[in-house]
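# Reading the structure
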Amino acid sequence: IRGVAHARLELGFFESLVSRTGETDMDGYFSLTGVPTGAFRLRAMHPTLPAVATAEGVAPDDDVIASFSSGAQLTGSVRDEGGAGVAYAAVDLEKSDGYEQFHLNLQTGFNGGFTCPNLPPGHYRITAGRPGLTTTATVDAWLVTGPNQVTVTVQTATPVQGQVLRSNGQPAAP
């Protein structure tokens, strides 16, 4: 295994608000000082590598190795109640697992499909819809490393029709 130079590090502790940040050296090594005793999660991010590397341990006893993986790949579609793809629907992905937060806005293509490679694995709330054409629907999905599939089914919006009248009951025409 080769070390990753200049990866950005975030070290957070489960039982306190203490956190530390840092960066790996040219060989991928790092040392963070002023670290309290306790359970922690380390996240490593790099702009040219996919996903996020994470590791957990207990300070000061554990040496930490975080390996980058390909992350979760999400392929999804937004469909109406008849099964047809909803073109150009807004798709909102939100991940919040108590430690890690992630938010991404996407749009479906002409066929109602969307893809998103290299997401951090975990629980996501996926909301989709096309204002004026469909309702908004939300699904919860647990994404794992590797391929994942999700379908969000929305209802066709019912148009509201009517007429604006004056107080005397006559049409409010120009």
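Computed from a prediction, not measured in an experiment: that's the story for all the values here.

## Description of the overall build of the protein chain
For the protein chain, the helix and strand inventory stands at zero helices and eleven strands. The order of α-helices and β-strands along the protein chain, N terminus first, is β-β-β-β-β-β-β-β-β-β-β. In the protein chain, buried positions account for 32% of the 174 residues. Long-range contacts, defined here as pairs at least 24 residues apart, represent 46% of the contacts in the protein chain between residues at least 6 apart.

## Focus on the sheet that holds strand E5 (residues 72–80)
The three strands are arranged E8-E5-E11 in an open sheet whose pairing can be described as mixed. Unpaired on one side and paired on the other, strand E8 (113–119) and strand E11 (146–154) mark the two borders of the sheet. Ignoring strand direction, the axes of neighbouring strands in this sheet form an average angle of 20°. As judged from the nine bridges shared by E5 and E11, these two strands associate in the parallel manner. Each residue of the ladder has a partner; that of Ala-72, found in E11, is Gly-146.

## A short note on the side chain of Ser-77
Inspection of the secondary structure assignment puts Ser-77 in strand E5. Ignoring anything within four residues of it in the chain, the contact list for Ser-77 reads Gly-112, Gly-113, Phe-114, Val-150, Thr-151 and Val-152.

## With respect to the environment of Tyr-29
In this structure, Tyr-29 sits in the loop between strand E2 (19–23) and strand E3 (38–45). Exposure remark for Tyr-29: the relative accessible area of 60% places this residue in the exposed category. As for Tyr-29 and Ile-65, which are separated by 36 residues in sequence, their C-alpha atoms are 9.4 Å apart.

## A look at the nonpolar core
Ranked by internal contacts, the top residues of the largest apolar core, which has 19 residues, are Leu-74, Val-78, Val-91, Leu-93, Leu-119, Ile-126 and Leu-143. Those elements that place two or more of their residues in this core are E5, strand E6 (90–96), E8, strand E9 (122–129), strand E10 (137–143) and E11. When near neighbours in sequence (up to four residues on either side) are disregarded, Val-78 contacts Ala-84, Gly-85, Val-86, Ala-89, Val-91, Thr-108, Gly-112, Phe-114, Ala-128, Val-152 and Val-154. Leu-11, Phe-13, Phe-40 and Leu-42 belong to the second largest nonpolar core, which has nine residues in total.

## Quick look at the pairing of E9
Relative to E9, E6 is paired through six bridges, and the arrangement is antiparallel. By the bridge assignment for E9, Glu-94 is matched with Arg-125. As paired elements, E9 and E10 share seven bridges and run antiparallel to each other. Paired with His-123 across the two strands is Trp-142, which belongs to E10.

## Digging into the confidence of the model for the protein chain
Summary statistics for the protein chain give a mean pLDDT of 84 and a share of 90% for residues scoring 70 or more. Mean pLDDT across the elements of the protein chain ranges from a minimum in strand E4 (residues 53–59), with 74, to a maximum in E11, with 94.

## Observations regarding the environment of Leu-165
Mapped onto the secondary structure, Leu-165 falls in the segment after E11. Looking at Leu-165, the relative accessible area reads 45%, which means it is partly exposed. If near-sequence neighbours (up to four positions away) are discounted, Leu-165 is found in contact with Gln-170, Pro-171 and Ala-172.

The rules behind the values
Position labels on residues start from 1 in each chain and follow its written sequence. Given that this is a predicted model, residues contribute local features only at a pLDDT of at least 70 and side-chain atom pairs are listed and counted only at 80 or more, while totals for whole chains, interfaces and linings are drawn from all residues. The side-chain figures draw on all heavy atoms in the structure; neither hydrogens nor water molecules are used. Each helix is a run of DSSP H or I of at least 4 residues and each strand a run of E of at least 2, with the numbering of both proceeding from the N terminus. Exposure classes here rest on a 1.4 Å probe applied to the protein chains alone. A residue is buried below 20% of its type maximum, exposed above 50%, and partly exposed in between. Contacts were defined at the residue level, with two residues in contact if any of their heavy atoms lie within 4.5 Å. Between any two strands, at least two bridges found by DSSP are needed for them to pair. The convention used is that axes are lines fitted to C-alpha atoms, helices contributing only their stretch in contact, and that angles between N-to-C directions extend from 0 to 180 degrees. Put simply, a nonpolar core is a bunch of buried Ala, Val, Leu, Ile, Met, Phe, Trp, Tyr and Cys residues held in one set by side-chain atoms that sit within 4.5 Å of each other. As a per-residue measure, pLDDT tells how confident the predictor is, with possible values from 0 to 100.

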